[in-house]
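# Structure at a glance
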Amino acid sequence: KMASGQQWVLVEMVQAFYEAPAYHLILEGILILWIIRLLFSKTYKLQERSDLTEKEKEELIEEWQPEPLVPPVSKDHPSLNYDPNTKLNLSIVCGLPTSHKIVVNGKECINFASFNFLGLLDNERVKKRALSSLKKYGVGTCGPRGFYGTFDVHLELEDRLAKFMRTEEAIIYSYGFATIASAIPAYSKRGDIVFVDEAACFAIQKGLQASRSFIKYFKHNDMEDLERLLKDQEVEDQKNPRKARVIRRFIVVEGLYINTGDICPLPELVKLKYRYKVRIFLEESLSFGVLGDHGRGVTEHFGVNIDDIDLISANMENALASIGGFCCGRSFVIDHQRLSGQGYCFSASLPPMLAAAAIEALNIMEEDPEIFTILREKCSCVHRALQGIPGLKVVGESFTPALHLQLETSTGSRDSDMKTLRTIVEYCMNRRVALTQARYLDKEEKFLPPPTIRVVVTVEQTDEEINMAASLIREAALAILK
Amino acid sequence: LQSLVIKAVFDLLKHSHVHALLISLHWLPIANHVTCNGALYNRPFSESFEETPMLVAVLTYMGYGILTLFGYLRDFLREWKIEKCHVAQEREEQRDFVPLYQDFENFYTRNLYMRIRDSWNRPICSVPGAKMDLVERVSHDYNWTFEYTGKVIKDVINMGSYNYLGFAENMGYCADAAADVTMKYGIGVSSTRQEMGNLDKHEELEMLVAKFLGVEASMVFGMGFATNSMNIPALTGKGCLILSDELNHASLVLGARLSGSTIRVFKHNNMQSLEKLLRDAIVHGQPRTHRPWKKILIVVEGIYSMEGSVVRLPEVIALKKKYKAYLYLDEAHSIGALGPRGRGVLDYFGLDPEDVDVLMGTFTKSFGAAGGYIGGKKELIDYLRAQSHSAVYATSMSSPVAEQIITSMKCIMGEDGTTIGRERIQQLAENTTYFRRRLREMGFIIYGNNDSPVVPVMLYMPAKIGAFGREMLKRNIGVVVVGFPATPIIESRARFCVSAAHTKEMLDVALSAISEVGDLLQMKYSKYRALPSQDWPSDETSYEGTGNQGTRSPM
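Per chain, residues are indexed from 1 in the order of the written sequence. Both sets of labels track the order of writing: A upward for chains, 1 upward for ligands. Residues qualify for local features only when their pLDDT is at least 70, as the model is predicted, and side-chain atom pairs are given and counted only at 80 or more; totals for whole chains, interfaces and linings, by contrast, use all residues. Only hydrogens and water are set aside when side-chain values are computed; all heavy atoms of the structure are taken into account.

The name given to chain B in an unreviewed UniProt entry is serine C-palmitoyltransferase, with Scleropages formosus as the source organism. In UniProt, chain B has this text filed under Subcellular location (unreviewed entry): "Endoplasmic reticulum membrane". Entered under Cofactor (unreviewed entry) in the UniProt record, the comment concerning chain B runs "pyridoxal 5'-phosphate". UniProt positions are given in the numbering used here, feature names are shortened, and annotations may be inferred rather than shown by experiment.

For chain A, an unreviewed UniProt entry supplies the name Serine palmitoyltransferase 1 and the organism Scleropages formosus. The heading Sequence similarities (unreviewed entry) in the UniProt record of chain A holds the text "Belongs to the class-II pyridoxal-phosphate-dependent aminotransferase family." Its UniProt record, at the heading Cofactor (unreviewed entry), says of chain A: "pyridoxal 5'-phosphate".

This is the structure in structure tokens:
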């Protein structure tokens, strides 16, 4: 029945075709042709092409003048070599020793500049261990970890670090800077959100940039500001819950901030973590091997359960006085970097002798936890001794081993502040106390810290040396800051 | 994963298309690209990338297809707890967090990589020299975990380390000097170059590197990867254009990305592609605003470590001059390994170092140390001393590592008063030619330049990646195998790195093992098997006739 019905419709159509007037058919025919033309013609013009002739192109190429590859650097930039007769410029550390006492530009100074907190830089045991490793493995590894660049020493060091920190797993990098800078983009991708402290160090900034995630800066150590951002995000999430289910969120903070000498309020951060379900990445380059009774860092300092921190990263270049860096945490988190950490996968592995040195440094730290108490005492001693210098204020906690001295009143321009501080550093350097200004790339920093002199505390500094240095700085300040 | 499959299908289509083209053109003598700009070259430039045989390509895709299906099946079984799941799990307290990894992200790792994971990260416990000792490990759960047996696999012939000139040594001139410096200076520095970490050793090294390269000045950095990723951002920025070879190393890609410049990619070592980008860039200027580019930086490598190809440097330099672009040359693999004096790809082509604006390289490979350098005009280096991210924020190089570089470099330059360096350079060149020739004679498809010590041998199929690695280790030879994502999905390969430390005997042992495994795994794919030369007994499956090597780039 259906079929016959359809047939009937068809017959009717044919009939209608016959009966239609000629003009109607012609009109429809034209319309059909028009549609076909529309279908096959380009619907838009591919941009108004300027269609340059070859000659014009050649002229354009001829005319184009690039900027010079690099702009000239002013001759008195502190990074360029110094003139011994006139002024100190870049300090050249020459000859021996290079640790507690250091020969700078031919003068032996007491070192208040290198991050050699535990004085392991010229430790005999560390050197001997490195030497025996050198005798076994040579210097270089000649390959990345994947391709015969994994040495038994690396596995041992990773194991030791994990045990020391009481985490499941640790992974080592061959460069301190590359550690956190590779770790962040291994997890946080485009579309994810990272909450970062404004004072975060440069390595973190670069890691964030490589991750291409949304970056939200909160005011330095201001938990209310952080919570405000987290709340905003919560509101945002409610608008689009489907999207919210796949956006990863991270808080990235430093244990002790290298730029300010402050400690992060970790217990509050952990509370926020669980309240807003955000993961915490903690950079501990300055606090590892410094804070806590056993040198495990900020988590030990505050008594925070280390499993509550998703990832801890630190370099082995400060307290451990070797080279490289490591991340530690749960295997669920850390193992991912073995295929996704760029600085891990695509770089030659750490020379075994440097790994061996780090192992020996760990041995020393484990055998003698007393060293951390001594360091803490030295820190507060330095902190106290530097108080009340006219014109200079101490920035940083009393237990931080890397303090900053900042001008109480700025002269108004960064350049002249820098020059003033440089004069103080030179004054001290001439009188055998090695200090350094904290150096930054002014144009690259997200939030450029104010100019400061950095004072680094190590366990090797005696009370006399500390007092001598402090009174020298006071003397310099009195002479220079009028 | 879907995108992966789509890409695979697309690749297949593209591939068959190209293949059909090749067949149709096959009767034509295939023009070697050398002839195009032959006048620029002072030596024959022969590189080959033989086409993947059609059947092999199809079988490879099928292999991946089966693996993928199996992967889904096993994921399904794991989901329903029928199969034990070995993947580390999120902790209970954080189960309601946004998952740290998307499920599909690790599909490849879980289901493909895990099967053959034993071919990578093999721990070693000796010098990574011509022979090495491996720590034996076994897995009782199909590679999810490894157990160390406590035994050592002794004297494995090392065809994997980048020990081109054999300076990975634990005794002799270099190691002794490094040992002295260790005891004198210690290991670490604990400060940056701009603060308190500018040692006289660094200055000494930098002068030597500049002399070695034949440039005005140089600067050294503690890590090769970081030399790229932390210095390119100092050189270019917004409004600048970076033209990057599609096969550039991850560190160059990262550096380019961190610089904030616009990045455009040209086809691997393809000068037409590069010239077109250069022309278009200058003619059209920046996108939207059409302002002229501030500067254009061409970024290339000397030897490409996965292809074994050598950059067409004379042509790149000609283009760079014609279009007033700057040139950044990464000699990570070529420094020490190429050229009659071991000065890298410039030396190889007999070019003037002045013509390259930024000379970069690493010390990891030929020098048996660690770190990287940048060499060039004094203004460039002065600028980097002030503005390099590495100089300001990263701890400077360890002294014994610097000493290893100083001594090995002096040795290469003959400044140690011996001819050891020169002999090693010669030995490496001979070993390279010999090794490549023999592999071709056996009928393997090998990629790259005839003079490149990096020798990729094509495996194609995913199952052969693991099989080749294991079979070679059974024969006491350590090789590197690589697959997706380090290579295109169907171009899995084994990569050999020839070293000056390899003796002819070692190479012969390795070659006969490779041939044996090649037969076992049916890897001798080449259609153009070279006629064996006199000193080599003819292969039982010898293929008659010589053929021109198909070149990939002109297509």
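Quick look at the overall build of chain B now. By definition, any uninterrupted DSSP run of H or I lasting at least four residues is a helix, any uninterrupted run of E lasting at least two residues is a strand, and each is numbered from the N terminus. The number of helices and strands found in chain B is 16 helices and 15 strands. When each of the 555 residues of chain B is scored for burial, the buried share is 63%. Residue contacts are counted whenever heavy atoms from the two residues lie within 4.5 Å of one another. Across chain B, every contact between residues at least 6 apart in sequence was considered, and the portion connecting residues at least 24 apart equals 72%. If you sum the accessible surface of chain B, you get close to 21,200 Å²; carbon and sulfur atoms cover 58% of it. Only protein chains enter the calculation, and the probe is 1.4 Å; a residue is then buried if its accessible area is under 20% of its type maximum, exposed if over 50%, and partly exposed in between. Under the convention used here, a 1.4 Å probe and the Shrake-Rupley method define accessible areas, while residue burial counts only the protein chains that appear.

The residues that UniProt annotates with the feature "domain: Aminotransferase class I/classII large" (unreviewed entry) are residues 108–471 of chain A. The span residues 108–471 of chain A carries 45% helix and 16% strand; its end-to-end C-alpha distance comes to 19 Å.

The next subject is the sheet that holds strand β7 (residues 249–254) of chain A. Residue and element names in this part refer to chain A. Read across the open sheet, the seven strands follow the order β4-β10-β9-β8-β7-β5-β6; overall the sheet is mixed. Strand pairing shows two members of the sheet lacking a second neighbour, β4 (169–173) and β6 (214–218), which therefore form its edges. Strand-to-strand twist of the sheet, defined as the mean angle between neighbouring strand axes without regard to direction, takes the value 20 degrees. Two strands pair when backbone bridges link them, and β7 and strand β8 (residues 279–283) are joined in this way by five bridges, in the parallel orientation. Of the residues in β8, the one forming a bridge with F250 is R279. Strand contacts of helix α9 (residues 223–239): β5 (193–197), β6 and β7, with the helix running at about 145 degrees to β6, the strand carrying the most contacts. Two strands qualify as a pair provided that DSSP identifies no fewer than 2 bridges between them. Between N-to-C directions, angles span 0 to 180 degrees; the directions come from axes that are lines fitted to C-alpha atoms, helices contributing only their stretch in contact.

Each neighbour pair has its own omega, and for F484 of chain B with P485 of chain B the value is 5 degrees, a cis peptide bond. Topologically, P485 of chain B is positioned in the loop between β14 (480–482) and β15 (492–497). Notably, R166 of chain A is not glycine yet its phi reads approximately 60 degrees, a positive angle.

Time to look at helix α5 (residues 200–213) of chain B. All names here are of chain B. An ideal rise of 1.5 Å per residue puts 20 Å on 14 residues; α5 measures up with 20 Å between its terminal C-alpha atoms. The element α5 is extensively covered by neighbouring structure, given that 10 of its 14 residues are classed as buried. Residues of α5 that are buried include every one of K201, H202, E203, L205, E206, L208, V209, A210, F212 and L213, and no others. Here the buried face of α5 lies against α4 (173–185), β4 (217–221), β9 (358–362), β10 (372–376), α11 (378–387) and α13 (399–413). Two residues or fewer past α5, G214 is found with a positive phi of approximately 75 degrees. In this scheme, a helix's expected span is set at 1.5 Å multiplied by one less than its residue total.

Residues and elements named next belong to chain B. Excluding any residue in a salt bridge, patches collect residues exceeding 30% relative accessible area, merging like charges within 9 Å and nonpolar Val, Leu, Ile, Met, Phe, Trp and Tyr side chains within 5 Å. A side-chain nitrogen of Lys or Arg and a carboxyl oxygen of Asp or Glu constitute a salt bridge if their distance falls within 4 Å. Taken together, M54, L55, V58, L59, M62, I66, F70 and L73 make up a surface patch of nonpolar side chains, about 720 Å² in accessible area. Summarising the element assignment, L59 is placed in helix α2 (residues 54–79). Among the residues examined, L59 registers a relative accessible area of 36% and is labelled partly exposed.

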